[in-house]
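# Chains, contacts and geometry: an overview
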Number of protein chains: 2
Amino acid sequence: MMTNGLQNRQTAIPEEINGLRMTRQRQEVYRFLMGERTHPTANEVFMKIKEALPSVSLATVYNCLEALVQHKIIRQVNFDREPSRYCPNLDEHGHFHDETTGTIHDVKFKPGINLTDILDLPPNTVIKDIEITLRGQLA
Amino acid sequence: MMTNGLQNRQTAIPEEINGLRMTRQRQEVYRFLMGERTHPTANEVFMKIKEALPSVSLATVYNCLEALVQHKIIRQVNFDREPSRYCPNLDEHGHFHDETTGTIHDVKFKPGINLTDILDLPPNTVIKDIEITLRGQLA
DNA sequence: GCGGCAAATTAGAATCATTCCTATTTTGAT
DNA sequence: ATCAAAATAGGAATGATTCTAATTTGCCGC
């Protein structure tokens, strides 16, 4: 008599992603982020998912975000020392901060570009992560 | 009877750099940073220049660092949300974090590379600053 | 050389994102 | 159903940085 265990009207989220058990709280964080290109902060995530899950705590949102980041389901983006933001785009890309509007835009690399090709790295260097951040304005 | 007003045995620092008046505190911060490739934090700068200037305050170190950064005499470097670090190297370059030792190394770009060439930026974008950060280990 | 003014400095309080703590709840395996 | 491990909630603690208010300093014209 049971179909699949979670008959929600929203997009179904698997019970596990990249080895991370998708609890209700993690689902809500994940679902919200996947639909956002605005790179929300932890607090913005918190405010939003409280609508669906009023008892959720900010600490849990931080826990969920950390778990999702560690399982490479989302990315954490830091700009200067502002609050961390979270990004569902896993492709290699950079972030452009428009100083005028305060918005953040993903920046792709031109095709065929390998980042490490242009860097003068010491030999035997194993790069695990690259972050490129740009600041400026859309004229 | 007076020769030049500051008869210090160390490298003489001009009274003004890039339009910034070099007070005693700013001089100490500047002198220390110029001799360092370790990208010190504000607190490390503070600890160090207290030797020469015991009455200096941490707030002043922050003020000096901010002034030096704004006048483009040094650069501020952020890695994730760790304490900011400060860098005397004004050439365009990136930063590599060696996870094993915790040290930070400047990374040059290969000659002839123009960063904006490889990025797929929207038209009419004015870039004011680029930051490239790498994390990994020296194998 | 001297009063006045703006800029710089100081010490400590305040801020605020994030982490820690810990009791409670939920989950999955047996 | 039972038990251990994992996850959660809420509140306290942390720590880099910034703010505030009160001195101090440097510099100007007299």
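What counts, and where the lines are drawn
Residues numbered from 1 in each chain as written. Chains lettered and ligands numbered in written order. Predicted model: local features only at pLDDT ≥ 70, side-chain atom pairs only at ≥ 80, totals over all residues. Heavy atoms only, no water. Helix = DSSP H or I, 4+ residues; strand = E, 2+ residues; numbered from the N terminus. Buried < 20%, exposed > 50% of the residue type's maximum accessible area, 1.4 Å probe, protein only. Contact = heavy atoms within 4.5 Å. Areas by Shrake-Rupley, 256 points an atom, 1.4 Å probe, with all protein chains shown as cover. Lys, Arg positive; Asp, Glu negative; His and termini not counted. Charge placed at Lys NZ, Arg CZ, Asp CG, Glu CD. Least-squares fit on C-alpha atoms with pLDDT ≥ 70 in both. Polar contact = N/O pair within 3.5 Å; in protein donor to acceptor, adjacent residues only side chain to side chain. Near = heavy atom within 4 Å. Nonpolar A, V, L, I, M, F, W, Y, C, P; charged D, E, K, R; others polar. pLDDT = per-residue confidence, 0-100. Pairing = 2+ DSSP bridges. Salt bridge = Lys/Arg side-chain N within 4 Å of Asp/Glu carboxyl O. Buried area = accessible area lost by both parts, 1.4 Å probe.

## Details of the overall build of chain A
- Secondary structure assignment for chain A yields three helices and eight strands.
- The order of helices and strands in chain A, counted from the N terminus, is β-β-α-α-α-β-β-β-β-β-β.
- Considered along the principal axes of its C-alpha atoms, chain A spans approximately 60 × 40 × 25 Å.
- Taking all 139 residues of chain A together, 39% fall into the buried category.
- Contacts spanning at least 24 positions in sequence make up 46% of the contacts within chain A whose residues lie at least 6 apart.
- Surface accessibility of chain A: about 8200 Å² in total, with carbon and sulfur atoms responsible for 49%.
- Positive and negative side-chain charges in chain A, numbering 16 and 18 respectively, have mean positions lying 6 Å apart.

## Some remarks on the relation of the copies chain B and chain A
- Once chain B is rotated about the relating axis by 180 degrees and shifted along it by 0.0 Å, it coincides with chain A to within an RMSD of 0.0 Å. One copy is carried onto the other by what is essentially a two-fold rotation axis. Proximity to the rotation axis, assessed at the C-alpha, singles out B:Ile132 in chain B; its C-alpha lies 2.3 Å from the axis.
- The residues that chain B uses at the interface reappear at the interface of chain A in 100% of cases, marking a shared surface.

## Some details on the side chain of B:Arg85
Residue and element names in this part refer to chain B.
- Along the chain, Arg-85 falls in strand E4 (residues 85-87).
- The buried category is assigned to Arg-85, whose relative accessible area is 18%.
- Among the polar contacts listed, one links the side chain of Arg-85 to the backbone oxygen of His-39, at a separation of 2.7 Å.

## Looking at the protein's contact with DNA strand D
- Residues in contact with DNA strand D amount to 17 residues; listed here are only the nearest, A:Thr23, A:Gln25, A:Thr60, B:Tyr62 and B:Ser84.
- Looking at DNA strand D alone, sugar and phosphate atoms form 80% of those within 4 Å of the protein.
- At a separation of 3.2 Å, a phosphate oxygen of DNA strand D approaches a polar backbone atom of A:Ser57.
- Separating a phosphate oxygen of DNA strand D from a backbone N or O atom of B:Ser84 is a distance of 2.8 Å.
- Secondary-structure elements contributing two or more residues to the surface near DNA strand D are helix H1 (24-34) and helix H3 (58-70) of chain A together with helix H3 (58-70) of chain B.
- A breakdown of the residues in the surface near DNA strand D according to their chemical character gives six nonpolar, seven polar and four charged.

## So, the confidence of the model for chain A
- Overall, the predicted model of chain A reaches an average pLDDT of 89, with 91% of residues at or above 70.
- Note that residues 1-9 of chain A has pLDDT below 50 and, in this model, three contacts with residues that lie over four places away or in other chains.

## Looking at the pairing of strand E8 (residues 125-138) of chain B
- Examined bridge by bridge, strand E8 (residues 125-138) of chain A and E8(B) share 13 bridges and lie antiparallel to one another. Looking at the pairing, A:Asp129 lines up with B:Arg135 of E8(B).

## Things to note about the pattern of salt bridges
Residue and element names in this part refer to chain B.
- Applying the stated rule across the entire model yields 16 salt bridges over all chains.
- In this structure, Lys-48 engages Glu-51 in a salt bridge whose closest nitrogen and oxygen atoms are separated by 3.4 Å.
- Taking relative accessible area as the criterion, Glu-51 reaches 60% and is therefore assigned exposed.

## Details of the interface of chain B and chain A
- Across the boundary between the two partners, chain B contributes 37 residues, which contact 37 residues of chain A.
- With both sides pooled, the region where chain B packs onto chain A buries about 3300 Å², and carbon together with sulfur makes up 58% of that total.
- Where chain B touches chain A, the interface holds four salt bridges.
- Linking chain B with chain A are 19 residue pairs in polar contact (both at pLDDT 80 or more).
- Those elements that place two or more of their residues in the side of chain B that touches chain A are strand E6 (104-109), strand E7 (119-120) and E8 of chain B.
- Of all the elements, E8(B) adds the most residues to the side of chain B that touches chain A, at 14 residues.
- Tallied by class, residues from the side of chain B that touches chain A come to 18 nonpolar, seven polar and twelve charged.

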